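# Structural overview
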Amino acid sequence: MTKIALGTWAWGAGAFGGDTVFGSNTDVENLKPVFQAAMKAGLNLWDTATVYGMGESERILGALSREFKREDVQISTKFTPQIAEIFENSVEKMADASILRMDCDYIDIYWIHNPMDVERWTPGLIPLLQKGKVKRVGVSNHNIKEIRLANQILGEAGFKVSAVQNHFSLLYRSSEKGGVLDYCKENGIEFWAYMVLEQGALSGKYNQENPLPAESDRGKKYNPVLPQLEALTAEMTAIGKKYGASCSQVGIAWAIAKGTLPIIGATKERHVIEAAEAAKIQLTAQEVERLEKLADATGIDTRGGWEHSME
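Procedures and definitions
Numbering of residues starts from 1 in each chain and follows the order in which that chain's sequence is written. With the structure being a predicted model, the display of local features is reserved for residues of pLDDT at least 70 and the display and counting of side-chain atom pairs for 80 or more, all residues being used for whole-chain, interface and lining totals. Only hydrogens and water are set aside when side-chain values are computed; all heavy atoms of the structure are taken into account. A helix here means a DSSP run of H or I that spans at least four residues, while a strand means a run of E at least two residues long, and both kinds are numbered starting from the N terminus. A helix is expected to reach a length of 1.5 Å times the quantity of its residues less one. Throughout this description, buried means an accessible area under 20% of the type-specific maximum (1.4 Å probe, protein chains only), exposed means over 50%, and partly exposed covers the range between. Contacts were defined at the residue level, with two residues in contact if any of their heavy atoms lie within 4.5 Å. Distance and chemistry together define a polar contact, namely a pair of N or O atoms within 3.5 Å, with one atom able to donate a hydrogen and the other to accept it when in protein, and with adjacent residues in sequence counting only for side-chain atoms on both sides. Pairing between strands requires that DSSP locate at least two bridges from one strand to the other. Axis geometry follows a simple rule: fit a line to the C-alpha atoms, using only the stretch in contact for helices, then measure angles between N-to-C directions, giving values from 0 to 180 degrees. Classification of ring pairs rests on two measures: the distance between centres of Phe, Tyr or Trp rings, Trp counted by its six-membered ring, which must be within 6.5 Å, and the angle between planes, read as stacked under 30 degrees, edge-to-face over 60 and tilted in between.

## A few points about helix H7 (residues 144-155)
Between the first and last C-alpha of H7 there are 16 Å, a value that for twelve residues agrees with the 16 Å anticipated at 1.5 Å per step. Of all the positions in H7, only Ile144, Glu146, Ile147, Ala150, Asn151, Ile153 and Leu154 are classed as buried. Of the surrounding elements, those touching the buried residues of H7 are helix H5 (118-121), helix H6 (125-131), strand E5 (134-140), strand E6 (163-167) and helix H9 (180-186). Residue Asn143 occupies the N-cap position of H7, its side-chain oxygen lying 3.2 Å from the main-chain nitrogen of Lys145.

## Quick word on the sheet that holds E6
An order of E1-E2-E3-E4-E5-E6-E7-E8 is seen for the eight strands of this closed barrel, with the pairing classed as parallel. Within this sheet the neighbouring strands show an average axis-to-axis angle of 30°, counted without direction. Across five bridges, E6 lies against strand E7 (residues 190-194) in parallel orientation. The residue bridging Ala163 from the neighbouring strand is Glu190, located in E7.

## Looking at unusual backbone geometry
A positive phi is found at Asn89, a non-glycine position, where the angle reads about 55°. By secondary structure assignment, the location of Asn89 is in the loop between strand E3 (74-79) and helix H4 (91-102). By relative accessible area, which is 36% here, Asn89 ends up partly exposed. At Glu198, a residue that is not glycine, the phi angle is positive and equals roughly 50°. Tracing the backbone through its elements, the reader meets Glu198 in the loop between E7 and helix H10 (217-222).

## Overview of the side chain of Thr233
With respect to the helices, strands and loops of the structure, Thr233 is situated in helix H11 (residues 226-243). A distance of 3.3 Å separates the side chain of Thr233 from the backbone oxygen of Glu230, its partner in a polar contact. In this view, Thr233 contacts Ala201, Leu202 and Cys247; residues no more than four positions away in its chain are not counted.

## Regarding the environment of Asp296
Tracing the sequence through the fold places Asp296 in helix H14 (residues 285-298). For the pair Asp296 and Leu171, spaced 125 residues apart in the sequence, the C-alpha separation amounts to 7.1 Å. Not counting the four nearest positions on each side in its chain, Asp296 is found in contact with Arg173 and Lys177.

## Focus on the packing of aromatic side chains
With the rule as written, the count across this model stands at nine aromatic pairs. Taking 5.7 Å as the distance between ring centres and 20° as the angle between the ring planes, the aromatic pair formed by Trp9 and Tyr52 counts as stacked. With a gap of 43 residues between them, Trp9 in the loop between strand E1 (5-7) and helix H1 (18-22) and Tyr52 in the loop between strand E2 (45-47) and helix H3 (56-65) connect regions that are remote in the sequence. By relative accessible area, which is 8% here, Tyr52 ends up buried. Between Phe168 and Phe191 the ring centres are 5.7 Å apart and the planes differ by 80°, which places this aromatic pair in the edge-to-face class.

Right, dumping it as structure tokens:
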């Protein structure tokens, strides 16, 4: 397991895909050098979901993975309850469709994307584990009560929740304040942090003079609060100078310092190279505290519409 996973939410086009959410334009050809650079850097853990571009992200990941040995690529994808009807309300059928799109024999880690109905959907993971279609399972956007329930359901069949994947960044620490991080540490559960850089808003690249793509979902969400982020990103940049690192790398290093495995969006070669270097940075406790105080001072709540509070 590497210290960092690479996210593919911004890959491809279509509903909930890279073009609408991120304002990006990606396909197999322009992502091929990104994938190869990542694998060369030792970053072989890839996170996707059926709902990202309604299968398009998975198809691209499958096409790129095909050039490598299956055991050399770690694949993470998700069952999303909101689109379960398309797959006859079957967790297994959605997983089978993912396996087919990605042209692989199994999935390394399969997630319940959100806790719409924990008692209804969690049992669907059990036959996947029993048949070897998935090696491990996790839950995403779940709070402690929901994680415990999922663990109980899986435990009755001799399995467990291996990982939790929640939104976690300097601007959104609900999983820490609600005790999810501590619960994971106490129970040997990995915590994967997504949106660590808040879709680029904490990359240091964007400001009032250079906003995010205006018509993208992320531009509509973050452009109005860019002025409030300036003190935080300025401090991230200042700390980065000490380590010969960028603002983005400091954001990634902060997530690692918190004991999480950050998922970093990868659409350019520099993204993966920066991510690999960020994993080597060890922030001091004082730097972590300073960044969190500045983040709290922004007064920004970046919780997504798909999330409920962990507190």
